[in-house]
Structure formats: structure tokens, C-alpha cells
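Results of the structural survey
Chain by chain, the residues:
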Protein chains: 2
Amino acid sequence: MFLYVGLVIVPVAGAVLVLRAHSGGPAPGAHAPSAVATADPFPKLLIALPVILLVCRLCAGLFGRMSQPRVIGEIFAGVLLGPSLLGLLWPAGYEWLFPPYLAPTLNILAQVGLVLFMFLVGYELDVGLIRGRGAAAVTVSQVSIALPFASGVILAIAMYRSLSLPGVSFATFALFLAVSMSVTAFPVLARLLVDRGLDRTPLGSLSLACAAMDDIAAWCLLAVVVATATNSSLAGVAVTLAELVAFVALMFLVVRPLLAKLVKSEAGQQVLLPVMVSAVLLSALGTQKIGVHAIFGAFLLGVVSPRGDGNVDRVIEPVRTFTMTVLLPLFFVYTGLRTKFALLGTDLRLWGWCLLVIVVAVLGKGVGSTVAAHTAGIDWRESLSLGALMNCRGLTELVVLNVGLDLGMISPTVFAILVMMTLVSTVMTAPALSLIQRIRPGGPRKAL
Amino acid sequence: MFLYVGLVIVPVAGAVLVLRAHSGGPAPGAHAPSAVATADPFPKLLIALPVILLVCRLCAGLFGRMSQPRVIGEIFAGVLLGPSLLGLLWPAGYEWLFPPYLAPTLNILAQVGLVLFMFLVGYELDVGLIRGRGAAAVTVSQVSIALPFASGVILAIAMYRSLSLPGVSFATFALFLAVSMSVTAFPVLARLLVDRGLDRTPLGSLSLACAAMDDIAAWCLLAVVVATATNSSLAGVAVTLAELVAFVALMFLVVRPLLAKLVKSEAGQQVLLPVMVSAVLLSALGTQKIGVHAIFGAFLLGVVSPRGDGNVDRVIEPVRTFTMTVLLPLFFVYTGLRTKFALLGTDLRLWGWCLLVIVVAVLGKGVGSTVAAHTAGIDWRESLSLGALMNCRGLTELVVLNVGLDLGMISPTVFAILVMMTLVSTVMTAPALSLIQRIRPGGPRKAL
């Protein structure tokens, strides 16, 4: 760790010294407000991106040591670098690192990263997990969506009057809150199971199946919510949804066979990488133009991409590595920069709402899944573990929340509250799971 | 080919249809000048990037079939999509694809791609090629730099009065022109040799050694030229160069051992990718702050990176793939967008200069290397082949030219002339080599 801190400090210190020594350039502290609008963001990106990458990696390492999934560390790194911590503790440093003229650049890189990430999520979605899973998975999954969804709507009734943005209909606000309560982070959950060697156990495969079903359900629901938010009339919503259905049909009936054919052909393999990247971007454009969000198209393309073929994996591997290591940290920081916990301030009422949202989210998803699993014939200990796992919201929730903020469905305040809920419900997953796993099988009822 | 054209046309057509059908969105042809400045470049990037990637790949494929290195096709693709062709034949399409508000985004992505590419160039620079190469390589390399360099200065005397920008000193203009005459494209040359199975022959290893030496010499010379251009006084130039030397020393004496230690440590390998990417960006920032160009820092970091270790190669592989496939095409298009052959227009005098530049460039580099090689005891046929290879300027020249345009050392007109020279001297390499290889050994003097 010292080694790579050294690797950063030496060049940075060198650059700063040079900057100060260099007579030709502007003084480091000089303010030139008129130049801000036209300032070249490239030099600033050259310093901001390394800081982002290294802080993310550092936090990932720290969280990894605390037996937490590393991605949670990266999510925290984003918040750390945002106005909620760096901006609060060292405003000058924050302003220097993320000046307003850098925002469009970070924004676009984060969006490209998000679109590529959503493609990977779709690509890694194993539909085989769901097929032939039997009643347990279907029941748990349906209940683990329905219960938090319903509790989200009830919560919305309470929150709408004081916390919704003007111009946002109750239906939109309630549906969005309901979806954000229902999310499970499939990638984080899979990571957690692998880290603990649970991925090949019955519990592991059941949770994965449920999470996969929840994932699909959550994206479908979110698409519906977005359609209601971007159309004022019910007819408009219907048109958007019809277009979306047509788009999905196009993807499955035309793009999927084309891609499969491409992968099999000799010539196709040489062009596979640029074609796949282009297809991801164009699909993202398709859903964006329909009026839902770009992420849906990218996710769909991932779902219809040919799998189980070493060629595709080999081509996608560098995209995955680059996206996860370089672009996704930018998304976390982009999210962190938008998260203003200061909006909650010292307003106890807002913190009360925040607490309520957390409790409802955890109870709705965790308890709902637990009870559903037990009803489906699974013992209490396993049911509790499943409940703890399904409560993990992580990255998926952040994607959903950003869509909500992008489209003006929620205010920055509600965004901050929901990010807080995401952090808490994600961080509690690993310790909760450890606690439950320590319970002796046979004496589990005490734990409830 | 039909297959992937189909893959593009279907989603694009789908998106366009949807765009037209969708009542909520703005009409496709609507002009909203006031919105241009604040328009979100992301949706446009989602269409422009696929077009760039696919046109680059298409051109690469076409040039590959003509026994040309594929990268030349990509360079042409950039020009095709620029104002010189697409902008001329279909101005409305060009405006639609590359609206002004997309320029900053393309710019920054191209710059990131260029910096990562220069790191790869440095990383792949095999210093072992040069060591113990003997008199021939050193002689040929020195002459193949000195002769075009001198001819560049002579050319500058002729061109300075009518073609230089006001405010650019003769020294800067002449040195820049001299460097741009001396460049050899190491990556393209290596590709050409591998494609023809020549890379393990004496000719192949000699040309690679010469090209590697030329590469280092060209970057050093360019750094000097940039230092003279950005400083008005000789003292300023000396300070910049002293800083640069200190930076190089820092890279070799501090960063190189640190990186080597990092690669060997267990913990280091887990963080190798973000640390390497961060180090590339910070080094680029270092040289940019010194007042030379960001590319030097990235190149230097590549040079000092630990090699011959499977770990580093494995970590760098995804960066290479992503950079070469996704980011480098953006650099070509960025260059193409800046290349305005229309500036030459119908002005016969300018076309005359263009022709003169091409002749001087080809003769200076090609004939210079040929004569030097023959003087060093290599037979005429091999010497001619070497001359043909060293004349290949490709991508490296484009990097140099962009630096010149960035720093205001050359006008857009001279830029266009030099891009034309680059295209001609790069494209002629493969056919010239084929022609020379067909000469019966023994009867070569006729070919001269």
C-alpha cells in the first residue's frame, strides 16, 4: 500500500513542484473566472482520474479487509470524494479537483461507463438460473418484489406532500419509490456468495435465481415508471411502452440471431469487438430515443448477446476489465458528486424520513424474502440468510436512483435519503449474513 | 461484411423510425440554435462513436485486402469522416453527426486515447533491439534522421515567408518541419514486417532497430521544438529542457524501481491496472505542466515500465485492446476533423507546395536511408527495402502534426499539407516494398 501511495505522491509532488517552478504557466492559486467556461478539462482530468482510481481502489481494499464486497468500498469512495465529505472538510481541495468545467467530462465518461456496465449486467444474467428452479424461487422472488413494492407505495403516500418535486405526479413518485425499495444488487450478491463459498450451495443458487428474477422485474418496472414520468397522458405512456415492447422484440428476433451468426462466422470474429461496442451504444440510443433510459438498451443487448462461446467471452473480457477498473469508478464518483447529504443538514424531520425509509426498505425486502422463503418450505436459518442477501441493494440501486434524478422524478434531497438507505442496506448485508451463519442450525427461532 | 452492416443498419433504422414516430421528442430536423451550447452530447456520442468504430473497421478491412497495414485504413477513415470528404459530399450529414457541441467530448476521448496509445508505444519500444546492433543500424539511423532533418530546414526557408503563422519564429517553424520530415512510424513498420514475414530476417531486425532509434530521436527532437515554441526567450527554453531532463531522471531513477517493486509484490499485482493507468495520466500531466506535451510523459512511463513479466502484459492487454479498438479510432477521426483539404482549394501554388513537401519527404527519408544502408555494406535490394520502410510515417507523424497544430506551431493549411504528405508516404510503403522485393537479386541497379 505504501508502495502505491508512493507511486502517486512522487509524480504528483513532482508535477506540483514543476507547476510552481514553471514561470510560463499561470500561478497555481490564480483565479480566472472568465477562463473557467472555456478551460480545457483535459489537464484536470489527468489529475482527477488518477485520484478517483486510487481512492476507489484504496477503499475497495479497506472494505475487502473488513469482509465486505470490494464494490461497496468503491461506492463509498464516490461519496468520500463528493460534496458530502471532501467538499465539507476541504472545500478548496474539492473545488480544485472537481472544478465546474470538468463536470461535463466526468459526466460523459460516467455515462459511457454506466452503459457498458449495464451491458455486462445483461450479458452476465444467466437465464439458466431461473429455468426449472421450481416453486420456491418463483414464490420468494415474487414476494420479495411485491412486499417492498407495496411498502414503497405506502411510504410514498406519507412522503409525497412534503418531499416530492412540484410537477411530479403522485403515481410517478410512488412507483419510483416502490421500485427503489424492490431492488436487489445481483452483481454484489453474486460476489458475496462467491467470497463466502456459498455460490454452489442450495442457498446460493436459490438466492441467485431470486436475484436474477428480481433484476429483470426491477428493470421492467423501472421502464414502466420512466414511461409514466416522461409522458403526461396515459396514451403517451401506452405508446412509449408499445415502442419498448417493439424494441425488445427487435432485439430478440433480429439482433440476437444476427449476433449469433456473426460470432459463428470467421470474418465476424475479427470485427466482434467494435461491432459489439457499437451495438451496445446504438441499443442504448434506441431506448433513450424511445423515451426510457439508455441503460435499458445496453442491458437488453447484453441479454441477447450470444453466450457460452469462448470467442465472445474473450472479446468482452478487455471491455469488462476496462469498464470495471477505469470507467465504473467514474460512475461512483459521478454519483458521489451528486449526493449532497448536506441537504439533510440539521433538519431532524428529514433525518426522521431517512430513518423511516431505511427501516421500511430493510423490513420490506429482508423480512419479506425471509417469510416467503420459510413459507416455501426452507428452514429459518436459510430463510434469514436469503432475506439478508436480497436486502443488498448496492450498485443496482445507485443506477436506479441516478435514473430518477436524471429524469427529475426525485429531488436531490430524496436522492440523498435514498443513497443513504442504499449504503446502509448494502453494508449491513455481510455482517448480517455472518451473524445468521453463526446461528446453530436447530435453534434459529431465537434469532428472529 | 453484410452481416455487420446489417447489424448497424437495423438498430440505426429502428432508432430513426422510433425517433420519427415518437411524438414527445423534438422533430429530427428541428433546429434549436439556443440549445446547441447546452445540448447533452451523450445521445450524439451514442451514434457518432458506432459510426466511427464501424467506418474505421470497414476501412481497415478494405486496406487489409489491398495488402496495406490496417492502421492506414483507419487513418483514412478519419479523413473520410472529416470535412474533407463527408463534409464536402454531404454537409448536412456531417453537421448532424459531428455537431459543434460534440467536439469537446470527441476531443477529450481522443486525447485520452492518444495518451494511452503513447504509453503503449513506449511500453513496446524494445531497447534490446538497439543494443549491440553494430555500426550498420547506427549509421543508417543517424543518416535517416539527419538527411530529412536537413531537407526539412531547407524546405522551411522556402516555405516560411508565405505559409507560416504570424508570431511563429523561423527557428520553431523550421525545426517543426524538420522533425515532421524525419519521423518513421515504428508501429506501422513493425506491422508491415510481421504481415510479410520479414520481421525475423536481417532486413527486418535492421529496420526495426533503425525505426526504434529514429522514434526516440524524433520524440527528443519534438520535445526540443515544443520547448522553443512555448518559450520566447532562450533562457526559458533552457529552463523547460532542464525540467524535462529532471523529469526523465525522476522517471528512470524513482518511478522505474517503484514500478518494478510493485510488480514483484503480491499486493501490487492486485492494484497494478489502476496504478498503471493513474501513473500514465500523472506522467502525462507532468510533461504537460513542464510545457512540453502530455504525450511525452505517457511515452516515458511506457519506457520505464517493467517488461518481460507476464503479469504486466496481462494487465496491460485489456488497456491495449480497448485503446486500439475504441479510443484510437477517435484519435483518427479527431485528426480527420481537423484536416481541411479544402484550405488547399484550387490554389495551384498551395498544391505545388504540397507536391514539393511530398517529394522532399520521400527523397529525404527514403533515399537517405537507402544510401546510408548501402554505404554501410548492405546490398542495393535490401537497402532499397529499408529506404521504403523508413519512409513509412503513419500514425507517429499524425501525433507529431497534432502537437504542432495544438501548440500553434503550424497553420491549418500547413497541417493539411503535412497530413497529405503523411497519407502519401504511408500508403506508398507497402507497394514500394512489394516492387522492390520482386527485383531479382543481382539486377538491382536498374531499379534505382
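Reading guide: rules and limits
Residues numbered from 1 in each chain as written. Chains lettered and ligands numbered in written order. Predicted model: local features only at pLDDT ≥ 70, side-chain atom pairs only at ≥ 80, totals over all residues. Heavy atoms only, no water. Helix = DSSP H or I, 4+ residues; strand = E, 2+ residues; numbered from the N terminus. Buried < 20%, exposed > 50% of the residue type's maximum accessible area, 1.4 Å probe, protein only. Contact = heavy atoms within 4.5 Å. Areas by Shrake-Rupley, 256 points an atom, 1.4 Å probe, with all protein chains shown as cover. Least-squares fit on C-alpha atoms with pLDDT ≥ 70 in both. Patch = residues over 30% accessible without salt bridge, like charges linked within 9 Å, V, L, I, M, F, W, Y side chains within 5 Å. Salt bridge = Lys/Arg side-chain N within 4 Å of Asp/Glu carboxyl O. Buried area = accessible area lost by both parts, 1.4 Å probe. Polar contact = N/O pair within 3.5 Å; in protein donor to acceptor, adjacent residues only side chain to side chain. Axes fitted to C-alpha atoms, helices over the stretch in contact; angles between N-to-C directions. Parallel < 35°, antiparallel > 145°, perpendicular 65-115°, else oblique. Nonpolar A, V, L, I, M, F, W, Y, C, P; charged D, E, K, R; others polar. Phe/Tyr/Trp six-rings, centres within 6.5 Å; stacked < 30°, edge-to-face > 60°. Expected span 1.5 Å × (residues − 1). 1 Å grid on protein atoms, 1.4 Å probe; cavity = no way out; pocket = protein on both sides within 12 Å on 5 of 7 lines; lining within 4 Å. Points joined across faces, edges and corners; volume = space filled by probe spheres on them.

**What to know about the overall build of chain A**
Regarding its fold elements, chain A presents 22 helices and 0 strands. Counting all 448 residues of chain A, 59% fall into the buried class. Restricting the contact set of chain A to residue pairs at least 6 apart, pairs at least 24 apart contribute 80%. Summing over all exposed atoms, chain A offers an accessible surface of approximately 17600 Å²; the carbon and sulfur share of this is 68%.

**Considering the relation of the copies chain A and chain B**
Overlaying chain A with chain B gives an RMSD of 0.0 Å, the required rotation being 180° about an axis along which the chain moves by 0.0 Å. In short, the pair behaves as if placed about a two-fold rotation axis. Every residue of chain A has its C-alpha some distance from the rotation axis, and the shortest such distance is that of Pro 318 of chain A, at 2.0 Å. The fraction of interface residues of chain A whose copies in chain B are also interface residues reaches 100%, indicating that both copies meet through the same surface.

**As for a nonpolar patch on the surface**
Residue and element names in this part refer to chain A. A cluster of nonpolar residues, Leu 80, Leu 85, Leu 88, Leu 89 and Trp 90, forms a patch on the protein surface that exposes about 540 Å² of accessible area. Following the sequence through the fold, Trp 90 ends up in the loop between α5 (86–89) and α6 (91–97). The class of Trp 90 is exposed, set by a relative accessible area of 55%.

**Description of the interface of chain A and chain B**
Often the size quoted for an interface is simply the accessible area lost on bringing the parts together. Facing the 65 residues of chain A at the interface are 65 residues of chain B. Carbon and sulfur atoms make up 83% of the surface buried where chain A meets chain B, a total of about 6000 Å² over both sides. Connecting chain A to chain B are 0 salt bridges. Where chain A packs against chain B, one counts 0 residue pairs in polar contact (both at pLDDT 80 or more).

**Quick word on the packing of helix α11 (residues 202–230) of chain B against helix α19 (residues 394–406) of chain B**
Residues and elements named next belong to chain B. With their axes 11 Å apart at the nearest point, α11 and α19 run at an angle of 5° to one another. It follows that α11 is roughly parallel to α19 by the angle criterion. Counting all contacts with α11, which are made through Asp 215, Trp 219, Leu 222 and Val 226, the residues of α19 involved are Thr 396, Val 399, Val 400 and Val 403. Looking at side-chain class alone, the contact of α11 with α19 contains 6 nonpolar, 1 polar and 1 charged residues.

**Brief notes about the side chain of Lys 365 of chain B**
Residue and element names in this part refer to chain B. Following the sequence through the fold, Lys 365 ends up in helix α17 (residues 348–375). One polar contact links the side chain of Lys 365 to the main-chain carbonyl oxygen of Ser 182, over a distance of 2.4 Å. Side-chain polar atoms of Lys 365 contact the side chain of Asp 214, separated by 2.7 Å. Look past the residues within four positions of Lys 365 in its chain and what remains in contact with it is Ser 144, Pro 148, Met 181, Ser 182, Val 183, Thr 184, Asp 214, Met 390, Asn 391 and Arg 393.

**A short note on the packing of helix α13 (residues 234–264) of chain A against helix α15 (residues 272–290) of chain A**
All names here are of chain A. Between α13 and α15, the shortest axis-to-axis distance is 11 Å and the interhelical angle comes to 170°. Taken together, the axes of α13 and α15 lie roughly antiparallel to each other. Residue-level inspection shows Thr 240, Glu 243, Leu 244, Phe 247, Met 251, Leu 259, Leu 262 and Val 263 of α13 in contact with α15, the latter providing Leu 272, Val 275, Met 276, Ser 283, Gly 286, Thr 287 and Ile 290. The residue inventory of the contact of α13 with α15, partitioned by class, reads 10 nonpolar, 4 polar and 1 charged.

**Concerning the packing of aromatic side chains**
If you walk through the whole model with that rule in mind, you get 15 aromatic pairs over all chains. A centroid spacing of 6.0 Å and a plane angle of 65° characterise the contact between Tyr 94 of chain A and Phe 98 of chain A, whose relative ring orientation is edge-to-face. Taken individually, Tyr 94 of chain A and Phe 98 of chain A each receive the classification buried, so the pair is uniform in this respect. With centroids separated by 4.0 Å and ring planes inclined at 10°, the aromatic side chains of Phe 322 of chain A and Phe 322 of chain B adopt a geometry described as stacked. Separated into two different chains, Phe 322 of chain A in helix α17 (residues 310–338) and Phe 322 of chain B in helix α16 (residues 310–338) make up a pair that spans both. Classification of Phe 322 of chain A as buried rests on a relative accessible area of 5%. Here a set of aromatic residues connected by ring pairs shows up, and it is made of Tyr 160, Phe 170 and Phe 173 of chain A.

**Looking at helix α9 (residues 170–182) of chain B**
Residues and elements named next belong to chain B. Taking 1.5 Å per residue, 13 residues should reach 18 Å; α9 reaches 18 Å between its end C-alpha atoms and fits that length. Taking burial as the measure, the 13 residues of α9 include 10 buried ones, the bulk of the element. Listing the buried residues of α9 in full gives Thr 172, Phe 173, Ala 174, Phe 176, Leu 177, Ala 178, Val 179, Ser 180, Met 181 and Ser 182.

**Thoughts on empty space enclosed by the protein**
For the coordinates displayed, the defined rule picks out 10 cavities of 30 Å³ or more. Lining the largest cavity are 21 residues, and of these Leu 109, Phe 322 and Leu 327 of chain A together with Leu 109 and Leu 327 of chain B sit closest to its centre. Of all the elements in the fold, those that place two or more residues in the lining of the largest cavity are α7 (103–124), α15 and α17 of chain A together with α3 (41–65), α7 (103–124), α14 (272–290) and α16 of chain B. In terms of residue class, the lining of the largest cavity is built from 21 nonpolar, no polar and no charged. Reported here for the second largest cavity is a volume of approximately 70 Å³. Forming the walls of the second largest cavity are Gln 111, Leu 114, Val 115, His 293, Ala 294, Phe 331, Tyr 334, Asn 402 and Asp 406 of chain A together with Phe 42 of chain B. If you list the elements that add at least two residues to the lining of the second largest cavity, you get α7, α17 and α20 (394–406) of chain A. Its residues assigned to classes, the lining of the second largest cavity shows 6 nonpolar, 3 polar and 1 charged.

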